Amino acid sequence: MRTFLGVCAVFLFSAAGQAQVHRRPGTPGMSGDCLRCHATAAPTRERHPLSNCPRPGKGRRSAGQGPGAITMGEISDQYGPVTFSHRKHADMAEMGEGCVSCHEDTDGPFRKCAACHSTSRRRDDLSKPDLKAALHRLCVDCHLEWGRSTECLFCHAPKPGTVRADSPAANAFPKGGRDGALPGTEFAAPAAKGFPRARKPGRLVFETNFEGGRVVTFFHDDHAERFGLKCVDCHRKRSCASCHDPAKAGAGPQAEAPGPARKTASMEDLHRPCASCHADDSCAFCHRDRPAERFDHAKKSGWPLNRFHARLACRRCHGAGPAAPKPPSGCDACHAGWQAKFEHKKTGAPLNEAHRALECSSCHGEKEFSAPPACGGCHEGRSYPKDRP
Amino acid sequence: MDHYSRPAPIVRPFLTPGVIALIVLAVNGLVFLAGRLLFGIGAVTNLDNQHPWGIWIGLDVASGVALAAGGFTTAALAHVMHREEYHAVVRPALLTALLGYTFVALGVAMDIGRWYSIWHPLFMWNGNSALFEVGICVVIYVHVLYIEFLPAVAERFIGRVALPGPLARLNGPVDAALRLMDRGLSKTMFVFIIAGVVLSTLHQSSLGTLMVIAGPKMHPLWQTPILPLLFLLSAVATGFPMVIVESLLASRSLGLKPEMAVLSRLAGMAAALLGVYLAFKIGDMFVRETFVHLRRLDTASVMFMAEVLLGVVLPLRMLLSPQVRRSPGLLFVAALLVVLGTALNRVNNFIVAYTPPYSFRSYVPSLGEVSVTVGFIALLVLVYRAAVMIFPVISLPDRSLSPREKYTIRA
Amino acid sequence: MQKLDRRAFLKNTLALAGAAGLQAGTAHAGPKNALSPDRMGVLVDTTVCIGCRNCEWACKTAHGMKTPPIESYEDRAVFSAMRRPDDTALTVVNAYPNPRRPEVPFTVKVQCMHCGRPACVSACIVGALSKQENGAVVWDDAKCIGCRYCMIACPFQVPAFEYRKAIEPKVMKCDFCFERRKQDGLPACVETCPVEALTFGPREELVRVARDRVKRRPERYVSHVYGEFEVGGTDWLYLAGTDFAGLQFPKLGRSPAPGVSESIQHGIFAYFVPPVSLYALLGLLMWIAKNAPAEEGD
């Protein structure tokens, strides 16, 4: 009760002041801790970004919990309906503004768009767009940015009877059409329609103005593929086109020069993506005088990785986190019972009875399977592959 | 009226090499005109949506109207001010004005997209439109000019009506009608003469108002709210120089002694009028501080300087000198400079000054436009020549008629 | 030749007399120039426009003009050159660089601005252009003579002429879908716009909406509602994310488009007082000049 009164007092004062704080801080499920829901500690009416989509009364909700594919077609007149891959968009939206990048940021469950936006263009309240415009604005803003195109048939099915053989949409869904898509099914190959795959840079070299080391080298591929980071772990508030950009897709890893945004960003903002892992590292860990060399497992650990092991995420052997324990060195640690299942003839060299009884190390040396087997230990003057075991 | 007789028709062979050249130019113009009538304005001209008006308006119409100002200035001088000594120049100036306005009307008809609808303004009025006023005034003024010319027709035909063939029996009634008309006109002519002066004042100034509505699309060197006044003043100042040019050309080609007594007095008045025009032009430039645009060397500043220096200042200086006013050659040059200066002013106002906000290319008149303009001028000269041979227009001295000389008179 | 001349003179005299008689009977003083306070307008938000050019297609379709299929309008290559409305298109969309988002250029639809006090209506020699109560500035095929003075007068250089037609060439410009709106329809471009970059409504309401948008999103808009005051106010209004000069909007003052030309015109013709006075003055002069020297008259 006391809390309630306090909240009421805060509400009254702030409302009398500039009505900056949330209109209903006392909503069930909303404690005084703004950060529980919001991405900022001081949300205002104008700026109140939510952190990863909390819904009061429903708890946090991930993008994946939303509907899969939605078919929208009630107000479509010139074209057929649109099948919208909601989950895919919601996933990606986490790198942008989250759910509120499309959904009106209101208390309680999201409302239907048509609850506020008129379905008629002829209306009295001109302060907000009609439904058709409101929906189109949501889509086109990004689609235009990465697609440089306003092609209607990219999203819309052609109106029945108006399909032209050469229209891209006519070929985009060869089987069943969009209406046949079930909720949750994902589109087979958006890239086929011209959707640019995400740009995946390799090594990025940033020039900074830090005295102790002006050059920061960032191995984007290592972080994304080896270290097991998801895009959203680092990328927030980014537009689709910052990664899915046809104009930049072919560009090399060095193409991304520090943009004006990066130049003006605060030091805190600049370091945030790295800080979660590198919090304990010294500045010099990243800031060097010259571009750094790529991490070489053989050089650092004295253990060259064969082409299969080189593809593994680090944590597969080292566990999570940079402070990795010494990884197990025996094959059995990972490939338990491999010897029982292993058939040597799959390597292309079937073993005869005598050889089958031998230990691996008799011919292959200390775990060095890529080198030719040594026959000379037993057979004078024999060698593989001239002579077969 | 000292040694000049009354005006008389000139008796000469019509065809001369010069006339044949004019006929060729006229036919060439008519060929392009046929192209315009068959395939549209765009087929012959370089006009586009950014440049809706070209030389057919800027030269044929605007300059044509200005150069025909001799008609009303001499009428005002000789008839309103009742200065008998100038009567000798009235009829040639009247004929020039009459033909000038007729060709202005023709030029307008060919420039508008629907030439067959040219009568619309008579019935569909827009009192706010400067163009409407120009149109109505010109229509009425053309008729006034024809009426003013009727005495010359009556003079030519009274007692000499000879209709061919079966119409011959109408000779009597026509003659009677002509006499009646002549009598009636001699009593009422003052109405038309004053109307002519008033109408000219109105439409000469309204021609200036035309471009005021273009607002910022017109170069500030020319765009001014006193454009109508400047147009009127320059037209008035051009009237006498035009008469001087015409008279000197006529006397030269007819081998007559130039009537310098009359002409130098006209020149003196022209100088005064030109001075007034220059004062307003320069005054306007300083009031609106547009001289800043002269600091940059571009088409506009060069054309403006040419118009003011060569078309006004230089001839004004010349006309102020009694020596120039006495010498036929120098007077001709000075008067011609005024005439060309005013023509250039009209072209500047309607074409050079007009800078549309979205221009893809600048306007340069096409071969077709130039051909039609030249063709119209050639036609005008030809009709003028024919007219002075039929009607009593040019006053000849009693004795010094020299039929050997061939002559051409340019309008 | 002589006969012809005489006939021409007679005909002219008769024509003048006839014209004078008819004028008094049938002519009316000027075109309709209504400035209704509840006239409609359109607010064009260039920051919302996506440059799909569906409006171009819809406009041509609604006006029965020739047009390629709507799919061909997706071609954004046309943006490489600036275009203006002409006799084949009453509205066109142009693109201008957007420094903040280079991928998404500013796109600007161009058409007649439907001025409150239109220069073309003031200029037209026959009153073929008129301002209607519903805001539309419309052109009357039956009156136009093709003089193109409206094109000289228009501060936005919008009216276009069919230069390639010998007979009945038209002056063409956006008519605010005057015919469609008679049947209570929306302008074709407004109806088709997928993002409602074009908002149709009462002009006064649109000014409010526009000001509100600028106030709420100062980072998105420049604080200027183009057309609110330009040339005395236009019924089509524009919002932009960059200076309007950068979008090739002409910089215009607040005085109505006809400017001082109407004042001059009415000054010269104030109830015919100046011309009649001049006439009287000249008559007096003539009388004095004629009688003073007591010579023989004309």
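Reading guide: rules and limits
Residues numbered from 1 in each chain as written. Chains lettered and ligands numbered in written order. Predicted model: local features only at pLDDT ≥ 70, side-chain atom pairs only at ≥ 80, totals over all residues. Heavy atoms only, no water. Pairing = 2+ DSSP bridges. Helix = DSSP H or I, 4+ residues; strand = E, 2+ residues; numbered from the N terminus. Axes fitted to C-alpha atoms, helices over the stretch in contact; angles between N-to-C directions. Patch = residues over 30% accessible without salt bridge, like charges linked within 9 Å, V, L, I, M, F, W, Y side chains within 5 Å. Areas by Shrake-Rupley, 256 points an atom, 1.4 Å probe, with all protein chains shown as cover. Salt bridge = Lys/Arg side-chain N within 4 Å of Asp/Glu carboxyl O. Buried < 20%, exposed > 50% of the residue type's maximum accessible area, 1.4 Å probe, protein only. Contact = heavy atoms within 4.5 Å. Buried area = accessible area lost by both parts, 1.4 Å probe. Nonpolar A, V, L, I, M, F, W, Y, C, P; charged D, E, K, R; others polar. Polar contact = N/O pair within 3.5 Å; in protein donor to acceptor, adjacent residues only side chain to side chain. Expected span 1.5 Å × (residues − 1). Bend = angle between axes of the 7 residues up to and from the residue. pLDDT = per-residue confidence, 0-100. Phe/Tyr/Trp six-rings, centres within 6.5 Å; stacked < 30°, edge-to-face > 60°. Lys NZ or Arg CZ within 6 Å of the ring centre and 35° of its normal. Parallel < 35°, antiparallel > 145°, perpendicular 65-115°, else oblique. Left-handed = near helix turned anticlockwise from the far one by under 90°.

### Here we look at the sheet that holds strand E1 (residues 40–45) of chain C
Residues and elements named next belong to chain C. Reading across the sheet, the three strands line up as E8-E1-E9 and stay open at both edges, with mixed pairing between neighbours. The open sheet terminates on both sides in strands that have one partner only, identified here as strand E8 (198–202) and strand E9 (236–239). Across the sheet, the axes of successive neighbouring strands diverge by a mean angle of 25°, strand direction being ignored. For E1 and E8, the ladder comprises five bridges, and the chain directions are antiparallel. Bridged to Gly41 within E8 is Gly201.

### Quick word on a nonpolar patch on the surface
Residues and elements named next belong to chain B. Residues Phe14, Leu15, Ile20, Ile23, Val24, Val27 and Val31 make up a contiguous nonpolar surface patch of about 600 Å² in total accessible area. Here Ile23 is to be found in helix H1 (residues 17–39). Ile23 sits in the partly exposed class, given a relative accessible area of 33%.

### Topic: the pairing of E9 of chain C
Where a strand is regular, its side chains alternate between the two sheet faces. Residue and element names in this part refer to chain C. Here E9 shows a buried face lined by Trp236 and Tyr238 and a second buried face lined by Leu237 and Leu239. For E1 and E9, the ladder comprises four bridges, and the chain directions are parallel. Directly across from Val44, in E9, lies its bridge partner Tyr238.

### Comments concerning the interface of chain A and chain C
One frequently used descriptor of interface size is the decrease in accessible area upon assembly of the parts. The partner chain C presents 31 residues to the 25 residues of chain A that form the contact. For the pair chain A and chain C, the summed buried surface comes to about 2400 Å²; carbon and sulfur atoms form 50% of the total. Three residues stand out in chain A for area buried against chain C, namely Arg121, Arg122 and Leu126 of chain A, and they jointly supply 30% of the buried area on that side. The tally of links between chain A and chain C comes to five salt bridges. Ionic pairing is found between Arg101 of chain C and Asp141 of chain A, a salt bridge with its closest N-O pair at 3.1 Å. Residue composition of the side of chain A that touches chain C, grouped by class: seven nonpolar, five polar and 13 charged.

### Re the environment of Pro7 of chain B
Residues and elements named next belong to chain B. Note that Pro7 resides in strand E1 (residues 4–7). Measuring from C-alpha to C-alpha, the distance between Pro7 and His87 comes to 9.9 Å, with 80 residues separating the pair along the chain. With near-sequence residues (within four places) excluded, Pro7 lies in contact with Arg91, Glu155, Pro392, Val393, Ile394 and Ser395.

### What about the interface of chain C and chain B?
Listed by partner, the interface residues are 86 residues for chain C and 83 residues for chain B. Of the roughly 7300 Å² buried at the junction of chain C and chain B (both faces included), carbon and sulfur atoms supply 65%. Inspection of the region where chain C meets chain B yields three salt bridges. The interface formed by chain C and chain B holds 31 residue pairs in polar contact (both at pLDDT 80 or more) in total. Taken together, the elements giving at least two residues each to the side of chain C that touches chain B come down to helix H1 (2–26), helix H3 (119–123), helix H4 (149–153), strand E6 (160–161), helix H8 (261–268) and helix H9 (273–291) of chain C. The element contributing the most residues to the side of chain C that touches chain B is H1 of chain C, with 13 residues. Each residue belonging to the side of chain C that touches chain B can be placed in one class, and the counts come to 51 nonpolar, 16 polar and 19 charged.

### Focus: helix H4 (residues 131–147) of chain A
Residues and elements named next belong to chain A. Given a rise of 1.5 Å per residue, 17 residues ought to cover 24 Å, and the 23 Å separating the end C-alpha atoms of H4 matches this to within 8%. Maximum bend of H4: about 35°, positioned at Val140. Where H4 is concerned, the buried positions are Leu131, Lys132, Ala133, Ala134, Val140, His143, Leu144, Glu145 and Trp146. At the exit of H4 stands Arg148, carrying a positive phi of roughly 55°.

### Focus: the confidence of the model for chain B
Residue and element names in this part refer to chain B. For chain B, per-residue confidence averages 89 on the pLDDT scale, and 95% of positions sit at 70 or higher. Contacts from residues 399–411, a stretch scored under 50 in pLDDT, to residues over four places away or in other chains number 33 contacts. Scored by ipTM, the complex comes to 0.89, with pTM at 0.80.

### What about the packing of aromatic side chains?
All told, the structure shown has 21 aromatic pairs over all chains when counted by the stated rule. Geometrically, the ring pair formed by Phe286 of chain B and Phe291 of chain B is tilted, given 4.9 Å between the ring centres and 40° between the ring planes. Judged by its relative accessible area of 48%, Phe286 of chain B is partly exposed. Considering the side-chain rings of Phe156 of chain C and Tyr226 of chain C, the 6.4 Å spacing of their centres and the 70° angle between planes classify their relative orientation as edge-to-face. With Phe156 of chain C in the loop between H4 and E6 and Tyr226 of chain C in the loop between helix H7 (203–216) and E9, this residue pair connects regions lying 70 residues apart in the sequence. An aromatic cluster is present here, built from Phe156, Tyr226, Tyr238, Phe244 and Phe249 of chain C joined pairwise through their rings. The cationic tip of Arg254 of chain C hangs over the ring face of Phe229 of chain C; the distance from NZ or CZ to the ring centre is 4.0 Å.

### Details of the packing of helix H8 (residues 171–212) of chain B against H9 of chain C
Two elements in contact, H8 of chain B and H9 of chain C, have axes whose closest approach is 9 Å; the angle formed by their N-to-C orientations is 135°. As far as their axial angle goes, H9 of chain C and H8 of chain B are oblique. Judged by the twist between their axes, the crossing of H8 of chain B over H9 of chain C is right-handed. Contacts from Phe190, Val191, Ile194, Ala195, Val197, Val198, Thr201 and Leu202 of chain B in H8 of chain B reach Pro275, Leu278, Tyr279, Leu282, Gly283 and Met286 of chain C in H9 of chain C.

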